[in-house]
Amino acid sequence: MALENPELDSRFLETQKVSKSSSPRGVDVKKVNDSKDNTVILSNQHVSATQISADKDMFDLDDLLPILGEFGRYQKQLLWFICLPACLPCGFCAFNQLFMSNTPSHWCNIPELGTLNMTMRKIIAIPTVGEQNKTYSQCMRYDINWTNFNFKETADLISLSNDTLIPCDKGWEYNQSEVPSSVVIEFDLVCDYDIYPTIGLVALNAGGPVGVYMFGSLNDRFGRRLSFFACLATLITGASLSATANTFWIWAATRIIVGLTIPAIYQIPFIISLELVGPNYRSFVTVMTCTFYTMGLCMLAGVTYYIQEWRTLALVTSLPFSIYFLYWW
């Protein structure tokens with residue numbers, strides 16, 4: 001391979017050593033023009049001397065990592081102590097809403113029958129539905145003036161029929177032995193309002209696409225660290241506001257704030273992990289981040305077993321992650 005310009009020749013050969021991508025593999029230098037335009041022709045493509053000089057300073061991190069170490073001490077510490085634990089909040093805050101909006105069995109509230117036990121109230125005042133597996137209606141009651149009702153006259157009970165049914169007009173009773181506390185119980189989101197818990201889930205997921213774009217832009221402009229901590233602060237703020245909501249619509253609005261961080265709160269540490277390990281370890285990192293995400297879900301099940309009050313649950317599944325702000329240093 002002969003080149004007419006010795007200086008250009010040495011610069012080109014040095015560029016080939018520094019970066020594999022500085023010129024296509026398996027091509028020959030066919031011709032070099034005179035010193036007026038200093039142009040090398042590679043497979044009919046013109047590359048100026050200034051472009052070759054610029055390419056010399058460019059390299060692919062994937063080419064450098066095998067030299068420095070694909071999974072050395074620094075990468076291991078970053079993965080095990082920072083990136084993988086940072087995947088836990090997503091599992092908690094993406095699914096704790098299912099427990100906060102759990103719907104227990106319920107039936108019409110009859111204040112006049114408050115002196116009776118729960119079973120007797122249902123037998124006397126609530127009709128059954130279903131032909132084979134009869135269950136108590138959750139949204140209808142007998143249209144009876146229970147103040148003047150004579151409980152001793154059992155014939156009155158027999159004469160009750162479906163023609164005397166009306167919707168619940170005095171609220172509902174809930175079987176709180178199943179679900180002690182939820183937004184459904186507090187805001188009466190049953191019967192005509194049973195779509196509202198689903199609206200809450202829509203609100204949570206509506207924030208996701210917006211958050212991915214927003215925190216993705218922060219990633220590109222200001223770096224991964226600032227983006228992660230902004231995402232973490234948003235999640236904790238939204239979850240804390242959820243615990244203070246006194247109406248359904250306020251609660252749904254706070255779930256949008258939480259939704260902004262899902263799945264961004266998981267993606268940011270995942271991307272950091274992939275970027276800083278060698279190509280041969282990226283499958284392992286992917287499996288481990290998914291494993292820690294799953295661990296978060298398993299831990300959430302244990303937390304909800306012991307903490308069943310929905311406001312406390314919102315705080316317990318978010319505030320402890322404030323410790324991650326120590327990662328700033």
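Position numbers for residues count from 1 along each chain, tracking the sequence in the order it is written. A pLDDT threshold of at least 70 governs which residues receive local features in this predicted model, and a stricter bar of 80 or more applies before side-chain atom pairs are shown or counted, although totals over entire chains, interfaces and linings include all residues. Here the side-chain values reflect all heavy atoms present in the structure, with hydrogen atoms and water set aside.

(A) Region of interest: a nonpolar patch on the surface. For patches, a residue must show more than 30% relative accessible area and have no salt bridge; joins then use 9 Å for like charges and 5 Å for nonpolar side chains, namely Val, Leu, Ile, Met, Phe, Trp and Tyr. Values of accessible area rely on a 1.4 Å probe in the Shrake-Rupley scheme; residue burial ignores everything except the protein chains shown. Salt bridges are counted wherever a side-chain nitrogen of Lys or Arg sits within 4 Å of a carboxyl oxygen of Asp or Glu. On the surface, a nonpolar cluster with roughly 470 Å² of combined accessible area is contributed by Trp 80, Phe 81, Ile 82, Tyr 281 and Phe 284. Secondary structure elements follow DSSP: runs of H or I no shorter than four residues count as helices, runs of E no shorter than two count as strands, and numbering proceeds from the N terminus. With three residues, helix H4 (residues 73–83) is the single largest residue contributor to the nonpolar patch. Exposure is judged per residue with a 1.4 Å probe applied to protein chains only, and the accessible area is read against the type maximum: over 50% gives exposed, under 20% gives buried, and values in between give partly exposed. With a relative accessible area of 34%, Phe 284 lands in the partly exposed category.

(B) Local environment of the nonpolar core. Ranked by internal contacts, the top residues of the largest apolar core, which has 35 residues, are Phe 228, Leu 232, Ile 262 and Ile 265. Considering each element in turn, this core owes the most residues, seven residues, to helix H10 (residues 224–244). The contact rule is simple, with two residues in contact once any of their heavy atoms fall within 4.5 Å. The residues touching Leu 232, leaving out its near neighbours within four places in the chain, are Ile 265, Phe 321, Tyr 324 and Phe 325. Definition of nonpolar core: a set of buried residues of the types Ala, Val, Leu, Ile, Met, Phe, Trp, Tyr and Cys, connected through side-chain atoms within 4.5 Å. Ranked by size, the runner-up nonpolar core spans 31 residues in total, among them Ile 126, Tyr 142, Cys 168 and Tyr 174.

(C) Up close: the state of the cysteines. Put simply, a disulfide is two cysteine sulfurs that come within 2.5 Å. All chains considered together, the criterion is met by two disulfides. Disulfide pairing is shown between Cys 108 and Cys 168; the S-S distance is 1.6 Å. Because the sign of the S-S torsion sets the handedness, a value of about -75° for the bond joining Cys 108 and Cys 168 places this disulfide among the left-handed ones. You can see Cys 108 sitting in strand E4 (residues 106–108) and its partner Cys 168 sitting in the loop between strand E8 (165–167) and strand E9 (172–174), a full 60 residues away along the chain. Cys 108 gets classed as buried once you look at its relative accessible area, which sits at 1%.

(D) Structural view of the UniProt feature "transmembrane region" (unreviewed entry) in the protein chain. UniProt positions are given in the numbering used here, feature names are shortened, and annotations may be inferred rather than shown by experiment. According to UniProt, the feature "transmembrane region" (unreviewed entry) maps to residues 78–99, 195–216, 228–250, 256–277, 284–306 and 312–328 in the numbering used here. Between the end C-alpha atoms of residues 228–250 there is a gap of 26 Å, over a span that is 87% helix and 0% strand.

(E) Structural detail: the packing of helix H12 (residues 264–276) against helix H13 (residues 282–306). To define axes, lines are fitted to C-alpha atoms, for helices over the stretch in contact only, and angles between the resulting N-to-C directions are given on a 0 to 180 degree scale. Orientation of H12 relative to H13, taken along the N-to-C sense of each, is 155°, at an axis distance of 9 Å. One finds that H12 runs roughly antiparallel with respect to H13. Regarding H12 and H13, the two cross each other, and that crossing is right-handed. Counting all contacts with H12, which are made through Tyr 266, Phe 270, Ser 273, Leu 274 and Glu 275, the residues of H13 involved are Arg 282, Val 285, Thr 286, Thr 289, Cys 290 and Tyr 293. Note on angle classes: values under 35 degrees are labelled roughly parallel, values over 145 roughly antiparallel, values of 65 to 115 roughly perpendicular, and the remainder oblique. In a left-handed crossing the near helix is turned counterclockwise from the far helix by less than a right angle, and in a right-handed crossing that turn is clockwise.

(F) Region of the structure containing the packing of H4 against H12. Look at H4 against H12: their axes get within 10 Å of each other, and the N-to-C directions meet at 170°. With respect to each other, H4 and H12 are oriented roughly antiparallel. Of the residues in H12, those touching H4 at Tyr 74, Gln 75, Leu 78, Leu 79 and Cys 83 are Pro 269, Ile 272, Ser 273 and Leu 276. Residues are grouped as follows: nonpolar covers Ala, Val, Leu, Ile, Met, Phe, Trp, Tyr, Cys and Pro; charged covers Asp, Glu, Lys and Arg; every other residue, Gly included, is treated as polar. Taken together, the residues that form the contact of H4 with H12 break down as seven nonpolar, two polar and no charged.

(G) Structural detail: H10. For a helix, the expected span equals 1.5 Å multiplied by the residue count minus one. When the terminal C-alpha atoms of H10 are compared, their 31 Å separation across 21 residues agrees well with the 30 Å that a helix rising 1.5 Å per residue should span. Those residues of H10 that fall on the buried side of the exposure criterion are Ser 227, Phe 228, Phe 229, Cys 231, Leu 232, Thr 234, Leu 235, Ile 236, Gly 238, Ala 239, Ser 242 and Ala 243. Buried residues along H10 sit against helix H5 (88–100), helix H9 (196–222), helix H11 (248–259), H12 and helix H14 (310–316).

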